[in-house]
Amino acid sequence: MTVSLPKYDDFMLPTLQAIRDLGGSASIEEIQDRLAETLGLSQAQLDASYLKSGALIAPDRMSWARSYLKIAGMLASGGKGVWLITDAGRQAADQSSAQVKAEVRKLLAAHNALNASRRSQAKAAGADAEDSVEEEAAWTEVLLQELRAMAPDAFERLAQRLLRESGFVKVEVTGKSGDGGIDGSGVLRMNLISFHVLFQCKRYSGSVRTDVVRNFRGAMQGRADKGLIITTGTFTADARKEATRDGAPAIDLIDGEALCQLLKEKQLGVQVRPVVTEEISIDPRFFADI
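Conventions and cut-offs
Residues numbered from 1 in each chain as written. Predicted model: local features only at pLDDT ≥ 70, side-chain atom pairs only at ≥ 80, totals over all residues. Heavy atoms only, no water. Salt bridge = Lys/Arg side-chain N within 4 Å of Asp/Glu carboxyl O. Helix = DSSP H or I, 4+ residues; strand = E, 2+ residues; numbered from the N terminus. Buried < 20%, exposed > 50% of the residue type's maximum accessible area, 1.4 Å probe, protein only. Pairing = 2+ DSSP bridges. Axes fitted to C-alpha atoms, helices over the stretch in contact; angles between N-to-C directions. pLDDT = per-residue confidence, 0-100. Contact = heavy atoms within 4.5 Å. Core = buried A, V, L, I, M, F, W, Y, C linked by side-chain atoms within 4.5 Å. Arc of directions from axis to C-beta. Phe/Tyr/Trp six-rings, centres within 6.5 Å; stacked < 30°, edge-to-face > 60°. Patch = residues over 30% accessible without salt bridge, like charges linked within 9 Å, V, L, I, M, F, W, Y side chains within 5 Å. Areas by Shrake-Rupley, 256 points an atom, 1.4 Å probe, with all protein chains shown as cover. Lys, Arg positive; Asp, Glu negative; His and termini not counted.

Brief notes about the pattern of salt bridges
With the rule as written, the count across this model stands at 15 salt bridges. Its salt-bridge partner being arginine 20, residue aspartate 94 comes within 3.1 Å of it at the nearest N-O pair. Of the two residues, aspartate 94 is situated in the loop between helix H5 (87-93) and helix H6 (97-124) and arginine 20 in helix H1 (residues 12-21); the sequence distance between them amounts to 74 residues. Owing to a relative accessible area of 62%, aspartate 94 belongs among the exposed residues under this scheme. Among the ionic pairs, aspartate 153 bridges to arginine 157, the shortest N-O distance being 3.4 Å. Of this pair, aspartate 153 and arginine 157 both sit in helix H8 (residues 152-165), four residues apart, which is roughly one turn of that helix. Given the relative accessible area of 42%, aspartate 153 is considered partly exposed. For arginine 157, a relative accessible area of 46% translates into the label partly exposed. Taken together, the salt bridges that share partners define one network made up of Arg20, Asp21 and Asp94.

Structural data, given as structure tokens:
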């Protein structure tokens, strides 16, 4: 059964308005939740995935919308999965969807023309040129495919390594079945305070649902200070609400996109090579004044 979904550019204006209304900055989770609510996306729409890769379509299109808005100068990346709206973005948020799409297309065309010129110059100079416009979004999908292809125990060891690189100590993978989904434990030290954390790993291409979070909390009850669920997929809006439900032990959630950013930050299986470019412009006034 084919599920109808908004196109990537249909997410542009709602994304600008969502970040603006959230105070000018928002995490990816906050943006996705607000878009699902604003556009009235059903769970079936949020769970729809590509047949080939198994990646979720809606978050992917939302990601492309953010990428193009960033190229157009309407959004900026604040790091660690946080997005910021620029002055240009605030102005665009008051326009119609058609106006935003047209403005982004115009700015994107100018951007691509400039990049094409740079690639031609680099090629003429014998340098290796890379397309970086689409790579920012494409590399995460390649990485997620690699992660989903890993054996369960290998993915758990990767989570163990990531937690160690992030400041956890005494990180152990239990590898036990029938333990309420608990895959391991660790201790997070923050200055003079330590927290005992239990974690669960989910190699999903779809969404982690509320019952997974609820069952995990039940398994960790009385055994840890905090819980952590790491997935290559996403979390449903209800699952996120359950994770932070009042009166219940908090559970932190790391979805596929956040996991990719963490692996990039720690350079675990992700190599980052800075590319330096020059943008040259001519000032006619200089020559006129001589």
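Digging into the sheet that holds strand S10 (residues 251-254)
Working definition: the strands of a sheet are paired by backbone hydrogen bonds and lie parallel or antiparallel to each other. Pairing is mixed in the open sheet, where five strands are placed in the order S4-S5-S6-S8-S10. Edge positions in the sheet fall to strand S4 (168-173) and S10, since each of these pairs with one other strand and no more. On average, each strand axis in the sheet is inclined to that of its neighbour by 20 degrees, with strand direction left out of account. The sheet contact formed by strand S6 (residues 193-202) and strand S8 (residues 226-231) spans six bridges and is parallel. Paired with glutamine 200 across the bridge in S8 is isoleucine 229.

Some details on the pairing of strand S5 (residues 184-190)
Where S4 lies against S5, four bridges are found, and the strand directions are antiparallel. Bridge pairing in S5 places glutamate 172 opposite serine 185. Where S5 hands over to S6, the hairpin turn is made up of two residues, of which asparagine 191 adopts a positive phi near 55 degrees.

Some points on the confidence of the model for the protein chain
When pLDDT is averaged along the protein chain, the result is 83, and 87% of the positions lie at 70 or above. Model confidence for the protein chain, summarised as mean pLDDT per element, is weakest for helix H12 (residues 284-288) at 73 and strongest for H1 at 95. Every residue in residues 127-134 scores below 50 in pLDDT, and together they form twelve contacts with partners more than four places removed in sequence or on other chains.

Digging into the nonpolar core
Counting residues in hydrophobic clusters, the biggest one holds 30 residues, and the most contacted among them are Leu16 and Val104. Among the secondary structure elements, those contributing two or more residues to this core are H1, helix H2 (28-38), helix H4 (57-71), strand S3 (82-85), H5 and H6. Leaving out residues up to four positions away in the same chain, leucine 16 has contacts with Leu69, Met74, Leu75, Ile85, Gly89, Ala92, Ala93 and Val100.

What to know about H2
Taken together, the buried positions of H2 are Ile28, Ile31, Gln32, Leu35 and Ala36. Down the axis of H2, the sector holding all buried residues measures 130 degrees, keeping them to one side. Turned more than 90 degrees from where H2 packs its buried face, Glu37 and Thr38 sit exposed. Once H2 ends, the next one or two residues include glycine 40, with phi positive near 65 degrees.

Considerations on the environment of methionine 62
Summarising the element assignment, methionine 62 is placed in helix H4. For the pair formed by methionine 62 and aspartate 10, sequence separation is 52 residues and the distance between their alpha carbons is 9.0 Å. The residues contacting methionine 62, other than those within four sequence positions of it, are Phe11, Gln32, Leu35 and Leu41.

Side note on the packing of aromatic side chains
Under the definition given, this model contains two aromatic pairs. Among the aromatic residues, those joined into a ring-pair cluster are Tyr8, Trp64 and Tyr68.

Points about a nonpolar patch on the surface
Nonpolar side chains collect at one region of the surface, where Ile280, Ile282, Phe286 and Phe287 lie side by side and expose about 510 Å² of accessible area between them. Mapping isoleucine 282 onto the fold places it in the loop between helix H11 (256-266) and H12.

What to know about unusual backbone geometry
Despite not being glycine, lysine 170 shows a phi value in the positive range, around 55 degrees. Tracing the chain through its elements places lysine 170 in strand S4.

What about the side chain of lysine 202?
Along the chain, the position of lysine 202 falls in strand S6. Buried charged residue lysine 202 carries no salt bridge. Nearest counter-charge: aspartate 183, at 6.6 Å. Once you skip the residues sitting within four places of it in the chain, lysine 202 turns out to touch Phe155, Val208, Val212, Ile229, Ile230, Thr231 and Thr232.

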